[in-house]
Amino acid sequence: MFGLMQDYPLTIDRILEHARHVHSRQRVMTLLPDGSLHTTTYGEMYPRIKRLAKALVKLGVEPGDRVATFAWNTYQHFELYYAIPGAGAVCHTLNLRLFPDQLAYIVNHADDKIVFIDGTLIPLYERFADQTPNVQHYVLMNAPKGVETKLPNVLYYEDLIAGSDDDFEWRSTDERMAAGMCYTSGTTGDPKGALYSHRSTVLHAMAANQMSVLGIGERDVILPVVPMFHVMAWGIPYAAPMAGAALAMPGPHLKPEPLANLIESQRVTIAAGVPTIWNALYQEVKAHARDISCVRSLVVGGSAMPRSLTAAYESELGVNVLHAWGMTEMSPIGTVNILRAEQESLDQEARWDIKASQGIPVFGVEVRIVDEEGRELPWDGQSMGELQVRGPWIIKQYFKRDVAPESFTADGWFRTGDVVTLDPDGLMTIKDRTKDLVKSGGEWISTVELESAIMGHPDVLEAAVIAVPDARWSERPLAAVVARPGSNLTEQAIMEYLSTRVAKFWLPDRVLFVTEIPKTSVGKFDKKTLRRRYAEGELS
Ligand code: ADP
């Protein structure tokens, strides 16, 4: 016998309808390119989004078509997050930090029909526009009429809205329809497309709002520094209006100073981004005595949050750090580090030890670890293996069937490529990625832990560890380190510091001082580039 409750479709338009009725006066602020603050509300955006969706249909957009965005975090980008899926199409966010050739590959692979572009990004797209001949229209946002551009078939965002009306029925009729798409940043190979459905997006947003996940509420002002082209800004543009929270969008202003201004002036309560951003913001706050204590939760993920940075935020700035782990293929939230009640009474040092881990699985994300033969390993906090996941917002296949089928197991789990331990209470700790591990004399060395240990040294700004070939041990760790300007950091000082913190065989064979660690398009340490530079003798 089946239950007798309604089959209510979980479509993205439901989030907007809810916000429009219940949270219509809640604000969405945007730092525009000229530095001024634009303010609108969910209620004001609602008819604009309907007009936009109708305009897309008039332009010939059919259900399932891909419509791309090439844009910063702005209210217009938010409007597109609803208008495109509301028109039955797929909102494909392009990562503007990728190389032109990669971007052209992605636009063509996705077969994008229309591209919405921020005015400041026109020159960036022009660099590869001749390689994307199938795009039918370019719609310019935040750009003056008649702006000079080589892009063909140009339209203007506000013209589209003005020339349309809001008498429009949402075309998102089935929760299984595709709604959004994001390509991986290609850290470990060609970018691959993850195609989110309405259902996966709505369920993910509901999960994000839970108290034991991001805990977003109607009194929050959320600053997504994580770009809207990086896994849908971790789902925040869908979670916030669902919970009735305000948004503070940084636009193109991602430097620490304007971010600190935005936090102070808008009394931001939740800010989300990768560790690189928070490292830079910390330097700014300390150097200029800024007060960001209004932030009650600093959400950090994308790569491991160094323990020392968590300690600095919590003890010096009064900002609670919420360490999370996820992937493009997981919409992205997988685990969140929420301290359990009994851990609240631990001393600070013990709490920071726990917070260096990636947290416990969110309801909806099932996890298991397996060894190289595919055998399941115990949750004992010791056994290291590849993490596999399944759940309603986790990918079952990449966009286009032939892309990386080896990422999925025969019994329907997704292989994350992360090497982790799970403790008996489900606390997950990332040790490495399968492709970054250092195997020395038959033993694994965790580059993630070694990096975190080195970054604990007060004179170290950043550190990345890679494996280099070694005749005796097969591989040995090498550390690339950025020293704090003005310090007299030496290799010996780092070794001494590490000697009481990691096993002896973990000590890097060499420490190379560099001016900067190369970063990927989403701000992670780019070890592929580091390894190549080392192999080509550029680092010595
Ligand atoms: P890409 O795979 O191209 O780097 P993603 O942004 O999807 O793009 O990255 C997902 C990966 O980032 C995870 O598999 C994991 O290796 C890493 N990652 C994400 N969050 C964390 C975290 N909190 N700590 C350590 N690694 C993380």
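What this report covers is the structure whose coordinates are included nearby. Just so you know, these numbers come straight off a predicted model, no measurement behind them. (Residues numbered from 1 in each chain as written. Predicted model: local features only at pLDDT ≥ 70, side-chain atom pairs only at ≥ 80, totals over all residues. Heavy atoms only, no water.)

With respect to empty space enclosed by the protein
Okay, step 1: A full pass over the atoms with the stated rule returns 2 cavities of 30 Å³ or more.
Okay, step 2: Size it by volume and the largest cavity reaches roughly 80 Å³.
Okay, step 3: Tyr196, Ser200, Thr201, His204, Met232, Gly235, Tyr238 and Ser331 together form the lining of the largest cavity.
Okay, step 4: Among the elements that take part in the lining of the largest cavity, helix 7 (residues 198–209) stands out by supplying 3 residues, more than any other.
Okay, step 5: A breakdown of the residues in the lining of the largest cavity according to their chemical character gives 3 nonpolar, 5 polar and no charged.
Okay, step 6: For the second largest cavity, the full set of lining residues is His92, Thr93, Leu94, Asn95, Leu98, Ile106, Tyr183, Thr184 and Ser185.
Okay, step 7: Residue composition of the lining of the second largest cavity, by class: 4 nonpolar, 5 polar and no charged. (1 Å grid on protein atoms, 1.4 Å probe; cavity = no way out; pocket = protein on both sides within 12 Å on 5 of 7 lines; lining within 4 Å. Points joined across faces, edges and corners; volume = space filled by probe spheres on them. Helix = DSSP H or I, 4+ residues; strand = E, 2+ residues; numbered from the N terminus. Nonpolar A, V, L, I, M, F, W, Y, C, P; charged D, E, K, R; others polar.)

Comments concerning the side chain of Gln266
Okay, step 1: Tracing the backbone through its elements, the reader meets Gln266 in helix 10 (residues 256–266).
Okay, step 2: Overall, Gln266 belongs to the buried group, its relative accessible area being 15%.
Okay, step 3: Not counting the four nearest positions on each side in its chain, Gln266 is found in contact with Arg27, Met29, Leu37 and Val221. (Buried < 20%, exposed > 50% of the residue type's maximum accessible area, 1.4 Å probe, protein only. Contact = heavy atoms within 4.5 Å.)

Brief notes about the packing of aromatic side chains
Okay, step 1: In the structure shown here, the tally under the stated rule is 14 aromatic pairs.
Okay, step 2: When the ring of Phe70 is compared with that of Phe128, the centres are 6.2 Å apart and the planes differ by 75°; the resulting orientation is edge-to-face. Of this pair, Phe70 sits in strand 3 (residues 66–70) while Phe128 sits in the loop between helix 5 (122–126) and strand 6 (137–141); the two residues are 58 residues apart in sequence, bridging distant segments of the chain.
Okay, step 3: A relative accessible area of 0% places Phe128 in the buried class.
Okay, step 4: Relative to Phe128, the ring of Tyr125 lies with its centre 4.2 Å away and its plane at 45°, an arrangement referred to as tilted.
Okay, step 5: An aromatic cluster of at least three residues, connected via ring pairs, comprises Tyr42, Phe78, Tyr81, Tyr82 and Tyr238.
Okay, step 6: In this structure, Arg501 is placed above the aromatic ring of Tyr497, and the distance from its NZ or CZ to the ring centre is 3.7 Å. (Phe/Tyr/Trp six-rings, centres within 6.5 Å; stacked < 30°, edge-to-face > 60°. Lys NZ or Arg CZ within 6 Å of the ring centre and 35° of its normal.)

A look at the packing of helix 1 (residues 12–22) against helix 9 (residues 236–243)
Okay, step 1: Interhelical geometry of helix 1 versus helix 9 gives an angle of 40° and a closest axis separation of 8 Å. Judged by the angle between their axes, helix 1 and helix 9 are oblique. The hand of the helix 1/helix 9 crossing is left-handed. Residues Ile12, Ile15, His18 and Ala19 of helix 1 form the contact with helix 9, whose participating residues are Tyr238, Pro241 and Met242. (Axes fitted to C-alpha atoms, helices over the stretch in contact; angles between N-to-C directions. Parallel < 35°, antiparallel > 145°, perpendicular 65-115°, else oblique. Left-handed = near helix turned anticlockwise from the far one by under 90°.)

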